[in-house]
Amino acid sequence: ILHLYDEELLCVLGHELGHILSGHVLYKTLLWLLLNVSFRLIQIPFSNLVLIAIIIALKEWDRKTELTADRAGLLASQNENPNYTLLMKLSGGPSIGDMNVNDFFLQAAQYENNTDALDNVYKLLNVLMNTHPFGVVRLQELKTWAASGQYKKILDGNYVRKGTEGTD
């Protein structure tokens, strides 16, 4: 059982609300249906190849939605540290005292800096059917976004509100 502190729980709630407010539910449901129903119902020759291509694309999109939801978790907590410790716990287990956030960032940098063709193939194969990006990738993406001007703009109230798009 994973023990979460109140601030980490706030990050989780913000993350999940981020999925809802971002409209991820429809496509996540479609992906679930494709994974769990389509192969059993559709028996047209070569249709499985098309379905596999669609599923791979949706799985990639699905992993990207986790990065968006992580940003929502940061916006909910407005504190980077519990988001980082939460991701570390999700990656390595509940004993946060044995982990070092700087080591996670170092691991993320090493992962991103391995860019030869074989490494890219391994990266793709490692996450192909995963529902979430690796924790170190999520950690680095969140840190990069937190350091960006976008995060500060949102905290300052400068963002497009639902229903006001294109009214400038």
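Up top you'll find the structure we're talking about.
Undergrad: How should the packing of aromatic side chains be read in this particular structure?
TA: The geometry of two aromatic rings is summed up by the distance between their centres and the angle between their planes. This model, assessed by the stated rule, comprises three aromatic pairs. The aromatic ring of Phe105 is capped on one face by Lys143, whose charged end is 4.3 Å from the ring centroid. Over the ring of Tyr159 we find Arg161; its NZ or CZ atom is 4.2 Å from the centre of that ring.

Undergrad: Hey, could you run me through helix 5 (residues 101–113) in this one?
TA: Since there are 3.6 residues in each turn of an α-helix, residues three or four apart along the chain are aligned in direction. The end-to-end C-alpha distance of helix 5, which contains 13 residues, comes to 18 Å, matching closely the 18 Å that a straight helix rising 1.5 Å per residue would cover. The elements touched by buried residues of helix 5 are helix 4 (80–92) and helix 7 (135–147). Residue Asn100 occupies the N-cap position of helix 5, its side-chain oxygen lying 2.7 Å from the main-chain nitrogen of Asn102.

Undergrad: Would you explain a nonpolar patch on the surface in this entry?
TA: Taken together, the side chains of Leu17, Ile20, Leu21 and Val25 present a nonpolar region at the surface, about 410 Å² in accessible area. Sort the elements by how many residues they give to the nonpolar patch and helix 1 (residues 6–21) lands first, with three residues. Examined against the element boundaries, Ile20 turns out to sit in helix 1. Taking the relative accessible area as the measure of exposure, Ile20 reaches 55% and is therefore exposed.

Conventions adopted
- Residues numbered from 1 in each chain as written.
- Predicted model: local features only at pLDDT ≥ 70, side-chain atom pairs only at ≥ 80, totals over all residues.
- Heavy atoms only, no water.
- Phe/Tyr/Trp six-rings, centres within 6.5 Å; stacked < 30°, edge-to-face > 60°.
- Lys NZ or Arg CZ within 6 Å of the ring centre and 35° of its normal.
- Helix = DSSP H or I, 4+ residues; strand = E, 2+ residues; numbered from the N terminus.
- Expected span 1.5 Å × (residues − 1).
- Contact = heavy atoms within 4.5 Å.
- Polar contact = N/O pair within 3.5 Å; in protein donor to acceptor, adjacent residues only side chain to side chain.
- Patch = residues over 30% accessible without salt bridge, like charges linked within 9 Å, V, L, I, M, F, W, Y side chains within 5 Å.
- Areas by Shrake-Rupley, 256 points an atom, 1.4 Å probe, with all protein chains shown as cover.
- Salt bridge = Lys/Arg side-chain N within 4 Å of Asp/Glu carboxyl O.
- Buried < 20%, exposed > 50% of the residue type's maximum accessible area, 1.4 Å probe, protein only.

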